[in-house]
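Report on the structure
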Amino acid sequence: MSPSDQPAIPRNGLATASAHHVRKVVKAVCPLDCPDTCGMVVTIERGKAIDLRGDKDHPFTRGFLCRKMARYLDRVYSPQRLTQPLKRVGSKGESRFEPIGWDEALDTIAQAMREAISSPEGPQSILPYSYCGTMGKIQSSGLDRRFFHRIGASLLDRTICATAGTVGYQYTMGSPRHGADPLAVTGCRLILNWGSNTASTNSHLWSLMIQARKTQGALIVTIDPHRSETAARSDLHLPIRPGTDAALALGLAHVIFREGLEDRAFLEKAAHGVADFRTRALEEFPPERVAAITGLEVAAIEDLARRYAATHPSLIRLNYGLQRHRGGGMAVRTVACLPVLVGAWKYPGGGALLSTSNSFGWNDAALERPDLIPPGTRTVNMNQLAEALLGELPGPPVKVLYVYNSNPAAVAPDQSRVHRGLARDDLFTVVHDLFLTDTADFADLVLPATSQLEHHDIHGAYGHHFVMYNAPAIAPVGESKSNSEVFRLLAQRLGLESELFPDDETLIREVLNGGPALQGITLERLKETYSIRLNLPSPFVPFADGAFPTPSGKCELRSETMARDGYDSLPTYIPPREDPQTRPDLAARFPLQLITPPHPQFLNSTFANEEHHLKLAGPQVVELAAADAQTRGIADGDRVAVFNDRGQFEAFARVGDTVRPGVAVAFGIHWNKQVQGGRNVNFITSTALTDMGGGATFFDNLVEIRKLADNPGSEAGT
Ligand SMILES: Nc1nc2c(c(=O)[nH]1)N[C@H]1C(S)=C(S)[C@@H](COP(=O)(O)OP(=O)(O)OC[C@H]3O[C@@H](n4cnc5c(=O)[nH]c(N)nc54)[C@H](O)[C@@H]3O)O[C@H]1N2
Ligand SMILES: Nc1nc2c(c(=O)[nH]1)N[C@H]1C(S)=C(S)[C@@H](COP(=O)(O)OP(=O)(O)OC[C@H]3O[C@@H](n4cnc5c(=O)[nH]c(N)nc54)[C@H](O)[C@@H]3O)O[C@H]1N2
Ligand SMILES: [Mo]
């Protein structure tokens with residue numbers, strides 16, 4: 001459809017008659033696990049979605065969708081979409097299934113759950129496993145939580161992404177996810193993308209950064225071991241050695257104090273523990289030592305510190321790259337100390353931005369009903385799915401695994417052990433998804449899920465301040481059902497109280513009944529105008545007055561809470577777990593630090609099965625420095641194996657200068673069944689946890705790379 005055909009956009013869901021058809025335009029919300037949570041406009045003709053685009057009237061989306069969601073209709077109507085429940089007829093992992101009816105599927109699941117509940121191991125032998133396949137409140141954390149809480153299943157600690165930084169940030173700031181107002185970033189004059197591939201993972205914020213460059217002359221700096229899309233388009237790139245960010249932050253603090261560049265008046269008012277922090281930075285983190293740890297030049301560290309102290313407003317966009325290492329929590333806690341030193345919090349758009357999600361104040365307790373959890377229920381850390389399935393955790397063995405909104409057989413660390421666990425014959429596995437994922441291949445029963453165009457939901461965001469309502473735009477494709485619908489049906493079969501499992505609109509009303517930022521935002525208003533900004537001042541400048549919601553009421557450069565929790569009360573540098581500087585023994589065998597961020601064309605493993613996206617992403621590659629390639633006899637384009645003691649995957653070598661010697665990058669997260677060799681990057685990652693929050697350490701890996709023997713004309717390798 002050409003834009004001129006497009007009817008004027010009426011109120012949500014209203015139909016307009018065009019010359020030949022009845023067309024309906026519906027506003028929808030992007031469900032992806034991404035900070036942008038875009039507004040979308042969907043055109044429906046005779047019950048079919050025929051056009052989907054970014055909402056130009058949405059203040060954050062401003063009319064464009066990312067390269068992934070621009071093709072969402074291909075996904076909705078993909079011939080590969082699951083349309084019926086399936087029952088396994090082959091062995092686990094073999095992917096041989098036969099269609100069955102919903103009644104049989106639900107009866108079988110209910111029966112397996114009843115058996116587990118009444119077995120000697122009890123209900124905790126049931127493990128739910130989910131993450132953010134959709135970010136919608138209702139489809140990601142509503143009736144599922146109530147259901148598993150009510151039956152007394154094991155709890156899942158959802159740590160795979162954000163918990164290390166959340167805990168670290170909270171120690172410094174008092175609130176886990178309050179920060180600068182994203183829409184005010186256009187006023188910044190210095191922007192640091194710190195462990196953040198903003199151009200690809202938060203593309204609407206990136207466009208605001210570009211606007212700041214154009215209108216304010218903002219300098220954009222990126223701190224990243226990889227010359228990412230963001231680094232390549234920045235004014236300055238600091239290629240830090242992986243996992244050493246806390247040392248850099250303390251080095252910047254050293255220079256700021258040494259040269260007297262700190263904002264003393266603001267520090268006095270707004271910071272706790274300044275003298276101790278100052279001593280730590282001055283005595284322990286001189287730029288020479290920081291240069292040796294981080295691999296950056298002394299002059300680059302000093303230059304950045306001086307610019308940071310002198311330029312206002314300045315923003316640190318703190319993201320996930322620095323969190324996925326052993327010291328990830330401490331790294332975020334330490335970087336979060338910098339804005340107060342220079343008074344950055346005083347300015348709109350200034351300070352740091354990790355996430356906006358805590359600004360919403362949802363009534364999560366009403367939605368998820370933690371009061372239903374039987375006392376003493378164990379919690380399984382989702383990063384340790386391998387241990388859970390292999391019986392290496394305390395508590396009963398896992399006998400029933402129910403997976404939805406996630407693809408752990410591709411995204412969880414240490415895949416060889418995850419797959420060994422999933423292949424257990426005595427495990428009953430249910431997978432609810434839109435596609436036959438790597439995980440579904442191991443399922444006993446596969447259930448077809450609805451897409452975002454087919455179900456109700458309500459969204460907050462972790463990258464802006466709008467509450468958004470997603471109305472179903474089309475009927476479910478095939479026999480697919482939403483997560484909430486499936487839990488309603490399972491609850492009925494298990495004879496659970498029907499009032500605990502109401503319809504989606506009731507759930508939306510319950511979760512909206514939250515804190516002051518949500519006051520006056522009702523389902524009725526959201527049905528009229530699908531996106532409403534939280535009740536917050538605009539711009540939102542949360543710490544301008546120097547008050548922080550910590551125990552001391554100030555930004556805690558020293559934290560007594562941390563001391564009580566067993567951590568250093570002051571910021572410090574914790575080396576990576578697999579670190580050439582502190583683990584020469586391991587580095588002798590596996591000398592390269594490998595980081596594995598997602599490919600910009602995928603959303604973790606979502607889209608990695610679709611031809612269009614696969615074609616643009618290309619095959620699995622590993623980027624390495626020319627010097628490292630040369631010593632291994634590897635040329636650009638060679639097929640190589642990347643390996644350590646946990647496992648190995650195959651890739652094409654991309655030799656160049658996008659990483660420093662000693663570092664390699666392999667984008668994820670391909671589906672195992674779609675890559676050469678059948679193993680993706682998570683075959684070399686580990687289930688070791690971060691210092692705080694039980695987070696994943698996906699970027700904390702030492703590996704070796706060798707050329708494979710079957711390269712054309714090759715003699716190397718074995
Ligand atoms: N296109 C796209 N967008 C996404 C996603 C996606 O898969 N694809 N995923 C979404 C999700 S779930 C998340 S959690 C966010 C993640 O958003 P980001 O945090 O921006 O994403 P990553 O690419 O994981 O990591 C950011 C950068 O950190 C770098 N890095 C790795 N180790 C270190 C380190 O030790 N220090 C520093 N300073 N940098 C390091 C990596 O090279 C990478 O370029 O993005 C969301 N948006
Ligand atoms: N090596 C490495 N591993 C990583 C990362 C990394 O950077 N490197 N990133 C990590 C991060 S940040 C994250 S957040 C995790 C993400 O890991 P996952 O949460 O597993 O995310 P996805 O791979 O996007 O898979 C989500 C699945 O949910 C399905 N889905 C979507 N909507 C619905 C729905 O409404 N109902 C149901 N039932 N299913 C639905 C999708 O089809 C998809 O298969 O991966 C982590 N794994
Ligand atoms: Mo994530």
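None of the values given here were measured: they were computed from a predicted structure.

Some details on the sheet that holds strand β20 (residues 466-470)
Read from one edge to the other, the open sheet built from three strands follows the order β19-β20-β21, with strand pairing classed as antiparallel. Each edge of the open sheet is held by one strand with a lone partner, namely β19 (457-459) and β21 (531-533). Across this sheet, the average inter-strand angle for adjacent strands is 15°, counted without regard to direction. The pairing of β19 with β20 spans three bridges and is classified as antiparallel. Within β20, the position partnered with Asp457 by the bridge is Asn470.

Overview of the domain arrangement of the protein
By domain assignment, the protein separates into domain 1 (86-160 + 377-459 + 466-530), domain 2 (164-357 + 542-564) and domain 3 (584-717). Centre-to-centre separation of domain 1 and domain 3, based on C-alpha positions: 31 Å. Taken together, the contact between domain 1 and domain 3 spans 24 residues of the former and 21 residues of the latter. Both faces considered, domain 1 and domain 3 share a buried interface measuring about 1,600 Å² in area, 52% of it formed by carbon and sulfur atoms. The interface formed by domain 1 and domain 3 contains 19 residue pairs in polar contact (both at pLDDT 80 or more). Elements supplying a minimum of two residues to the side of domain 1 that touches domain 3: α17 (385-389), α18 (408-411) and α19 (415-422). The biggest single contributor to the side of domain 1 that touches domain 3 is α19, with four residues. The residue makeup of the side of domain 1 that touches domain 3, split by class, is nine nonpolar, ten polar and five charged.

Section: the site of ligand 2
Neighbouring ligand 2 are 34 residues; Asp433, Thr596, Ser605, Thr606 and Asn682 lie closest to it. Contact between ligand 2 and Asn405: a nitrogen atom at 3.0 Å from a side-chain N or O atom of the residue. Between Asn604 and ligand 2, the recorded distance is 3.4 Å, taken from a side-chain N or O atom to a nitrogen atom. For the shell around ligand 2, a count of residues per class yields 15 nonpolar, 15 polar and four charged. Two domains share the shell around ligand 2, each providing at least three of its residues, namely domain 1 (86-160 + 377-459 + 466-530) and domain 3 (584-717).

Some thoughts on the site of ligand 1
Residues in contact with ligand 1 amount to 34 residues; listed here are only the nearest, Asp224, Gly243, Asp245, Phe602 and Asn604. Contacts to ligand 1 include Gly195, whose backbone N or O atom sits 3.5 Å from an oxygen atom. Residue Asn604 places a main-chain N or O atom 2.7 Å away from an oxygen atom belonging to ligand 1. Coverage of ligand 1 by the protein amounts to 98% of the 900 Å² it exposes when considered alone. The residue inventory of the shell around ligand 1, partitioned by class, reads 16 nonpolar, 13 polar and five charged. Taken together, domain 2 (164-357 + 542-564) and domain 3 (584-717) each give at least three residues to the shell around ligand 1, which thus spans both.

Cut-offs used in this document
Counting of residues starts from 1 at the beginning of each chain's written sequence and follows it residue by residue. All chains are assigned letters beginning with A, and all ligands numbers beginning with 1, in the order in which they are written. Predicted model: local features are reported for residues with pLDDT of at least 70 only, side-chain atom pairs are reported and counted for 80 or more only, and whole-chain, interface and lining totals are derived from all residues. As a convention, hydrogens and water are excluded, and side-chain values are obtained from all of the structure's heavy atoms. Note: two strands are recorded as paired if DSSP finds a minimum of 2 bridges between them. A run of H or I in DSSP becomes a helix once it reaches four residues, and a run of E becomes a strand once it reaches two; helices and strands are each numbered from the N terminus. Angles here are taken between N-to-C directions and fall from 0 to 180 degrees, while the axes themselves are lines fitted to C-alpha atoms, restricted in helices to the stretch in contact. An automatic or database domain assignment is the source of the domain bounds shown. Residues are treated as being in contact if the distance between any of their heavy atoms lies within 4.5 Å. When two parts are put together, the accessible area they lose, computed with a 1.4 Å probe and summed over both, is reported as buried area. Polar contacts, as counted here, are pairs of nitrogen or oxygen atoms within 3.5 Å of one another; within protein the pair requires one atom able to donate a hydrogen and one able to accept it, and residues that are adjacent in sequence qualify only if both atoms are side-chain atoms. Residue type decides the class: Asp, Glu, Lys and Arg count as charged, Ala, Val, Leu, Ile, Met, Phe, Trp, Tyr, Cys and Pro as nonpolar, and the leftover types, Gly among them, as polar. A cutoff of 4 Å decides nearness: a residue is near a molecule or strand if any of its heavy atoms lies inside that distance of it. Note on areas: these come from Shrake-Rupley sampling with a 1.4 Å probe, and a residue is covered only by the protein chains present in the view.

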